Amino acid sequence: MLRWMLVTAVLMALSSAVFTAQSDEDGFVPIFDGATLTGWKLVSGQGRGYIVENGMIVCPKDGGGNLFTEKEYANFVLRFEFRSEPAGNNGIGIRAPYEGDAAYQGMEIQILDDQHEQYKGKIRSEQHHGSVYDVIPARTGYLKPAGEWNTEEISAIGRRIRVTLNGVIITDADLETVKEPAVLAKHPGLARPSGHIGLLGHGSRVEFRRLRVKAAS
């Protein structure tokens, strides 16, 4: 019993240290406490949904669905780290509602091991990692191999969406340039001024850590 209590105390101390360090980062506030899914809501969960392992939010291979922040965000900068299994597929929902498909009723920033043979040469340009899914393509070639940690920043300020992957801007888009009636009809979420941030699982293992956000004007 004493040994278990000591282990628990150490884990709680580590989680607290990570939380404090992230809170001190230039106005960024953690949206994951490193130990629980407090502040998050699972919508349309599949299998095990999402779990917490070793300070990470994990979409397990036998899980998925949409895990949304309970809080809504309008203009913000989101920073996080992620890694996936080979052919891993997930997404970051932004300005999304709880209802409907977040990729269309909000926006989805694609997370995909797009160089895997399952996808390479077989997907559209606007399906690559970092794209505003199905709308605006991202630059490719900056994603680390499956199993390695990537750092990413998503900035949503007004109508401008910017994605920075491992220090390189791969998407820098003005949503006002999207004029095609068919695209606008298919993606009403492009017009949403605010909504939830979400992890959009697709039945493959993807791990997230150090998720923090900074509100912007």
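Scroll up for the structure.
Residues numbered from 1 in each chain as written. Predicted model: local features only at pLDDT ≥ 70, side-chain atom pairs only at ≥ 80, totals over all residues. Heavy atoms only, no water.

Examining the packing of aromatic side chains
Summed over all chains, the structure comprises four aromatic pairs. For the pair F68 and Y98, a centre-to-centre distance of 5.7 Å together with 55° between the ring planes defines the contact as tilted. You can see F68 sitting in strand β5 (residues 65-73) and its partner Y98 sitting in the loop between β7 (89-96) and α2 (102-105), a full 30 residues away along the chain. The class for F68 is buried, based on a relative accessible area of 0%. A ring pair is formed by F80 and F82, whose centres lie 5.9 Å apart and whose planes are at 40°; its orientation type is tilted. Classification of F80 as buried rests on a relative accessible area of 1%. By relative accessible area, which is 3% here, F82 ends up buried. Through a chain of ring-to-ring contacts, the aromatic side chains of F80, F82 and F208 assemble into a single cluster. Stacked on the ring of W149, the Lys or Arg R209 has its end atom at 3.8 Å from the ring centre. (Phe/Tyr/Trp six-rings, centres within 6.5 Å; stacked < 30°, edge-to-face > 60°. Helix = DSSP H or I, 4+ residues; strand = E, 2+ residues; numbered from the N terminus. Buried < 20%, exposed > 50% of the residue type's maximum accessible area, 1.4 Å probe, protein only. Lys NZ or Arg CZ within 6 Å of the ring centre and 35° of its normal.)

So, the pairing of strand β13 (residues 206-215)
Side chains on a regular strand alternate between the two faces of the sheet. Two elements, strand β1 (residues 29-30) and β13, share two bridges in a ladder whose sense is antiparallel. Bridging from a neighbouring strand, P30 pairs with R212 of β13. The sheet contact formed by strand β4 (residues 56-59) and β13 spans three bridges and is antiparallel. Within β13, the position partnered with C59 by the bridge is V206. Sheet topology places strand β6 (residues 76-84) next to β13; eight bridges connect them, and they run antiparallel. Considered in β13, the bridge of R79 is made with R212. (Pairing = 2+ DSSP bridges.)

Section: the pattern of salt bridges
Scanning the model with the defined rule gives 15 salt bridges in all. A salt bridge links R205 to E53; the nearest nitrogen and oxygen atoms lie 2.8 Å apart. Within this pair, whereas R205 is found in the loop between β12 (195-201) and β13, its partner E53 is found in strand β3 (residues 51-53), the two being separated by 152 residues in sequence. The partly exposed category is assigned to E53, whose relative accessible area is 26%. Ionic contacts of the salt-bridge type, sharing partners, join the residues E53, R83, R205 and E207 into one network. (Salt bridge = Lys/Arg side-chain N within 4 Å of Asp/Glu carboxyl O.)

Concerning the nonpolar core
Ranked by internal contacts, the top residues of the largest apolar core, which has 37 residues, are I92 and F208. Excluding residues within four positions of it along the chain, F208 makes contact with M56, I57, F80, E81, F82, N90, I92, I111 and L199. If you look at the next biggest cluster of nonpolar residues, it comprises five residues, including F68, A96, A102 and L200. (Core = buried A, V, L, I, M, F, W, Y, C linked by side-chain atoms within 4.5 Å. Contact = heavy atoms within 4.5 Å.)

Here we look at the pairing of strand β9 (residues 150-157)
Note that β6 and β9 share seven bridges and pair antiparallel. If you follow F80 over to β9, its bridge partner there is E152. Sheet analysis places β9 next to strand β10 (residues 160-165), joined by six bridges and oriented antiparallel. Among the inter-strand pairings, I157 is bridged to a residue of β10, identified as R160. Between the end of β9 and the start of β10, which pair antiparallel, lie two residues, with G158 showing a positive phi angle near 60°.

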